[in-house]
Structure formats: C-alpha cells, structure tokens
Amino acid sequence: MEEREISQAVIRRLPRYYRYLGELLEHDVERISSNDLSKRMKVTASQIRQDLNNFGGFGQQGYGYNVKYLYTEIGKILGLDVKHNIIIIGAGNLGQALANYEAFESRGFLLKGIFDVNPKLTGISVRGIPIRTMEDLVDFLKVNEIEIGVLTIPKEYAVEVAGLLTANGVKAIWNFAHIDLNLPPNIVVENVHLSESLMRLSYNITRCNAEQKNEK
C-alpha cells in the first residue's frame with residue numbers, strides 16, 4: 001500500500017499532542033475524549049480526529065482515547081522510540097544553553113559532542129561533555145554515528161559547516177543560524193529563527209493592545 005503523505009500542518013501539531021498527553025499522564029489521567037483534549041489544546045475536536053486518522057485513529061467513538069497508548073504511539077510516529085546522536089556546533093550562550101537542556105535525553109536525543117572555533121573554550125565541559133576544536137570535527141564524525149547537527153553559529157559560517165556535516169554522514173540539521181539552509185533533499189533541515197518568533201509576538205501584542213484601545 002502506498003504511504004499516505006501527511007501535511008506539514010499535521011506534523012507541526014504532533015509534538016503538541018505529545019506534550020499535552022504527557023502532562024495528562026503526569027496527572028494520572030487514563031482516558032480523554034477528543035472534546036476534552038480540544039479544550040486543552042485550543043484545537044477543534046474535529047481537527048484532532050482528522051489529524052489522528054492520518055495514522056489510524058487510535059480512539060473509539062463514545063470511548064475516547066487511552067492516554068498512555070496514544071502518547072506512546074505518537075512518540076513512535078515522531079521517532080522518539082529510537083535514539084538520535086547529536087552534536088552542537090557553536091558553544092556560545094545558546095549552544096551551551098541547549099547542551100544543558102537535560103530534557104532532550106528523555107526524548108531520545110543524545111548529545112555526543114560540542115564544537116567551537118574559540119580556543120579559549122576548548123576543554124571546558126558542559127554536563128561532562130568537553131568542548132572540542134573544529135579541527136577535531138571530521139575525525140569525530142568518522143568514528144561516531146551522528147545523525148543530527150545543531151548549528152548555533154553566525155550565519156556567514158552556517159552554509160560551509162552544514163556542508164561539512166552532511167558530507168560526513170550527518171542526516172539532519174537543526175539550524176539556529178540566521179539564514180535558511182538549502183541542502184540536498186535527502187538532508188532534513190529545521191530552520192529556527194528566534195527573531196521571527198519575537199516579531200510574531202510583537203505583532204500579536206500590538207494587535208491585542210489596539211483591540212483593547214478600541215473597546216474603551
């Protein structure tokens with residue numbers, strides 16, 4: 001059977017489902033209806049059912065969803081049931097903050113190395129992982145099965161470093177550099193622009209303030 005193509009909008013919602021279901025598990029909730037889940041997620045019950053039907057549904061009419069089962073199955077869809085080795089390129093404030101985020105490991109993302117061009121940082125450990133020089137990168141990639149490279153470097157270096165990573169077996173790039181990376185189609189890229197997120201927040205604040213002003 002030909003695999004059905006899933007829209008990016010659905011894929012973007014899956015981590016939210018996973019997070020909310022995890023919170024329900026923490027509160028010992030065993031079962032939830034699409035209506036109750038929709039109130040928590042601010043997504044219509046119809047949308048939830050449509051999204052989950054892309055993967056088989058997982059629920060029964062009048063019975064709702066088994067929270068633990070749905071959480072586990074969405075985790076499998078997201079690939080969280082397997083381990084992913086990652087490295088961080090750029091050990092500045094953002095790079096070290098990401099390296100210190102222990103929750104990545106509980107999701108199966110295992111930090112194996114941190115690299116930076118600044119010789120003053122070489123040898124400093126972040127959660128027991130020493131920062132290495134960029135000269136060590138290629139040899140490190142040859143002997144470690146690294147799937148994901150995280151870029152927290154200036155945009156002028158991002159394209160070159162991304163090319164170096166992918167040429168040495170890295171399959172995906174999580175890119176915080178302020179530039180969109182256009183890599184071969186077999187390379188998965190997630191571009192993260194923090195400034196764009198702040199601008200969207202600014203827009204929404206401005207709109208909210210305007211609406212409140214008009215109501216007075």
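Placed above this text is the structure.
Overview of the structure. Computed from a predicted model, the values in this text were never measured in an experiment. (Residues numbered from 1 in each chain as written. Predicted model: local features only at pLDDT ≥ 70, side-chain atom pairs only at ≥ 80, totals over all residues. Heavy atoms only, no water.)

**So, the side chain of threonine 152**
Turning to its location among the elements, threonine 152 is positioned in the loop between strand S7 (148-151) and helix H8 (155-167). The exposure class assigned to threonine 152 is buried, which follows from its relative accessible area of 15%. At 2.7 Å, the side chain of threonine 152 and the backbone oxygen of glycine 90 are in polar contact. The residues touching threonine 152, leaving out its near neighbours within four places in the chain, are Ile88, Ile89, Gly90, Leu94, Gly95, Leu98 and Phe176. (Helix = DSSP H or I, 4+ residues; strand = E, 2+ residues; numbered from the N terminus. Buried < 20%, exposed > 50% of the residue type's maximum accessible area, 1.4 Å probe, protein only. Polar contact = N/O pair within 3.5 Å; in protein donor to acceptor, adjacent residues only side chain to side chain. Contact = heavy atoms within 4.5 Å.)

**With respect to the pairing of strand S6 (residues 129-133)**
Consecutive side chains along a regular strand alternate between the two faces of the sheet. One ladder, built from three bridges, connects strand S4 (residues 109-116) with S6; its direction is parallel. By the bridge assignment for S6, isoleucine 114 is matched with isoleucine 131. In this structure, strand S5 (residues 125-126) lies alongside S6, joined through two bridges in antiparallel fashion. Across the sheet, residue serine 125 finds its bridge partner in S6, namely proline 130. As consecutive antiparallel partners, S5 and S6 are separated by two residues, and within that stretch arginine 127 has a phi angle of approximately 50°, a positive value. (Pairing = 2+ DSSP bridges.)

**Brief notes about the pattern of salt bridges**
For the structure on display, the rule yields three salt bridges. One salt bridge in this structure joins arginine 13 and aspartate 51, with 2.6 Å as the shortest N-O distance. Of this pair, arginine 13 sits in helix H1 (residues 8-26) while aspartate 51 sits in helix H3 (residues 45-53), and the two are 38 residues apart along the sequence. Under the relative-accessibility criterion, arginine 13 is labelled buried at 18%. On the accessibility criterion, aspartate 51 (1% relative accessible area) is buried. Across the pair lysine 76 and glutamate 73 runs a salt bridge whose closest N-O atoms are separated by 3.4 Å. (Salt bridge = Lys/Arg side-chain N within 4 Å of Asp/Glu carboxyl O.)

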